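# A structural walkthrough
Each chain is listed here by its residues.
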Amino acid sequence: MREISLDRLRTLVVIADHGSFADAARQLNLAPPTISLHVAELEARIGAPLLNRTRGHVRPTAIGETLLARARRLLADADQALDEVRRQVEGLTGRVRLGASTGAIAHLLPQALQALRVEHPGIDVQVQVLTSQASLSQLRDGSLDIGLVALPQVAGKGLKLTPWRRDPIVAYLPADWQPPARVSPAWLAGRALILNDSSTQLSRVTSEWFAAAGLYPEARIELNYNDAIKSLVAAGYGATLLPQEGEVQQHDPRIVRRPLRPGLWRQLGIACRDGEVERAIGHVLAALARLR
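Residues numbered from 1 in each chain as written. Predicted model: local features only at pLDDT ≥ 70, side-chain atom pairs only at ≥ 80, totals over all residues. Heavy atoms only, no water.

What follows deals with the packing of aromatic side chains. Inspection of every chain in the model, using the stated rule, returns one aromatic pair. Ring centres of Trp209 and Phe210 lie 5.0 Å apart, and the angle between their planes is 70°; on these two criteria the pair is classed as edge-to-face. The class for Trp209 is buried, based on a relative accessible area of 5%. Using a relative accessible area of 3% as the deciding quantity, one classes Phe210 as buried. (Phe/Tyr/Trp six-rings, centres within 6.5 Å; stacked < 30°, edge-to-face > 60°. Buried < 20%, exposed > 50% of the residue type's maximum accessible area, 1.4 Å probe, protein only.)

Right, here's the structure in full:
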């Protein structure tokens, strides 16, 4: 069944508004025969007259009035859809899907989101808690736009990976342990540990830090939620090694934070699809880049 064209409906609406085929032709910048053809095609599709022509004035029939009411809504919806798409193309609005670890979400993203809210209030950033591997996987299948991932990673074909931040990894310890000014692998290995699980880049980095000293301690518990880990440290359950992600001060007096000897760093990168990106995604990338 042949569909009704929006152009034909627009012609019908303009004729009804002006009461004249000739005025409609001038308004739409179309030849009069084209206007007549549009109406004839609509009437053939409907199977009934849509306009009455009396004394040089054109009025809709009862059936024409019914179609006109629907046509006005359809045209308004189409114009609104085009306006929304145009605003998204121009970067004024848009939805950006971002994946990151809990630590990055808690301590780094808020600064970027605050700047975006001021500079680009129409952009909606949807944040998911994801491991680096999960972020890269969802970027490849198109269900994610930006991933904050721990380096090193193999981006793979179609993805771009840009180094972003280099944050120190420090020890978080129960305050009553009375730790030294700098914590070494030998001092920490014999104590209860709460660490990230082996699927994470942070686990690999910390394992290498211990291994360089010939030590291979086993964690008392493995978690990937940094705030939960810190709560356990505050309860005296164990110590942990976590990145210092933009934290200004230590709020919980039950926890002390110590630098490591030798020093250890966690590197983060920004992953996205290669090639030209939508403007909304570009605005989010620019906000993140300012947090380097």
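Another aspect to go through is unusual backbone geometry. The linkage connecting Leu151 with the following residue, Pro152, adopts the cis geometry, with an omega of 5°. Along the polypeptide, Pro152 turns up in the loop between strand 5 (146-150) and strand 6 (159-174). With an omega of 0°, the peptide bond running from Arg261 to Pro262 counts as cis. Positionally, Pro262 belongs in the loop between strand 10 (255-258) and strand 11 (265-273). (Helix = DSSP H or I, 4+ residues; strand = E, 2+ residues; numbered from the N terminus.)

In this section: helix 1 (residues 6-18). Over its 13 residues, helix 1 runs 18 Å from end to end, which matches the ideal 18 Å to within 8%, given 1.5 Å per residue. Those residues of helix 1 not exposed but buried are Leu9, Thr11, Leu12, Val13, Val14 and Ile15. Of the surrounding secondary structure, the elements contacted by the buried residues of helix 1 are helix 2 (21-28), helix 3 (32-46), strand 1 (51-54), strand 2 (57-60) and helix 4 (62-89). Positive backbone phi, at 70°, marks Gly19, one or two positions downstream of helix 1. (Expected span 1.5 Å × (residues − 1). Contact = heavy atoms within 4.5 Å.)

Under the local residue numbering, the UniProt record ascribes the feature "coiled-coil region" (unreviewed entry) to residues 68-95. With 79% helix and 7% strand, residues 68-95 has its two end C-alpha atoms placed 34 Å apart. (UniProt positions renumbered as here; feature names shortened; annotations may be inferred.)

Now for the pairing of strand 1. The side chains of a regular strand alternate, residue by residue, between the two faces of the sheet. Sheet analysis places strand 1 next to strand 2, joined by four bridges and oriented antiparallel. Residue pairing for strand 2: Asn52 is matched across the bridge by Arg59. A loop of two residues connects strand 1 with strand 2, the two strands running antiparallel in sequence, and Arg55 in this loop sits at a positive phi of about 50°. (Pairing = 2+ DSSP bridges.)

According to UniProt, the "domain: HTH lysR-type" (unreviewed entry) feature falls on residues 4-61. When the span residues 4-61 is considered, its composition is 62% helix and 14% strand, and the gap between its end C-alpha atoms is 18 Å.

Time to look at the packing of helix 1 against helix 3. The contact between helix 1 and helix 3 brings their axes to 9 Å, and the two run at 110°. As far as their axial angle goes, helix 3 and helix 1 are roughly perpendicular. From helix 1, Asp7, Arg8, Leu9, Thr11, Leu12 and Ile15 reach across to helix 3, where they touch Ile35, His38, Val39, Glu41 and Leu42. The class makeup of the residues in the contact of helix 1 with helix 3 is six nonpolar, two polar and three charged. (Axes fitted to C-alpha atoms, helices over the stretch in contact; angles between N-to-C directions. Parallel < 35°, antiparallel > 145°, perpendicular 65-115°, else oblique. Nonpolar A, V, L, I, M, F, W, Y, C, P; charged D, E, K, R; others polar.)

Note: predicted coordinates in regions of low pLDDT should not be interpreted at a detailed level. When pLDDT is averaged across the protein, the result is 91; 98% of the residues are at 70 or more. When mean pLDDT is compared element by element in the protein, helix 8 (residues 185-189) scores highest at 97, while helix 5 (residues 102-107) scores lowest at 84. (pLDDT = per-residue confidence, 0-100.)

In this fold, Arg266 is placed in strand 11. Non-local contacts of Arg266, meaning those with residues more than four positions away in its chain, are made with Ala150, Arg165, Arg166, Asp167, Ile169, Pro243 and Glu245.

Where helix 1 contacts helix 4, the two axes come as close as 9 Å, and the packing angle between them is 120°. In terms of orientation, helix 1 lies oblique with respect to helix 4. Where helix 1 crosses over helix 4, the two elements pack in a sense that is left-handed. Along the contact surface, helix 1 presents Leu6, Leu9, Arg10, Leu12, Val13, Ala16 and Asp17, while helix 4 presents Leu67, Leu68, Ala71, Arg72, Leu74, Leu75, Ala78 and Asp79. (Left-handed = near helix turned anticlockwise from the far one by under 90°.)

What follows concerns the pairing of strand 3 (residues 94-100). The buried count for strand 3 comes to six of seven residues, which makes it a mostly enclosed element. Both strand 3 and strand 4 (residues 123-129) contribute to a ladder of seven bridges, which runs parallel. Residue pairing for strand 4: Gly94 is matched across the bridge by Ile123. The sheet contact formed by strand 3 and strand 5 spans two bridges and is parallel. Each residue of the ladder has a partner; that of Leu98, found in strand 5, is Ile146.

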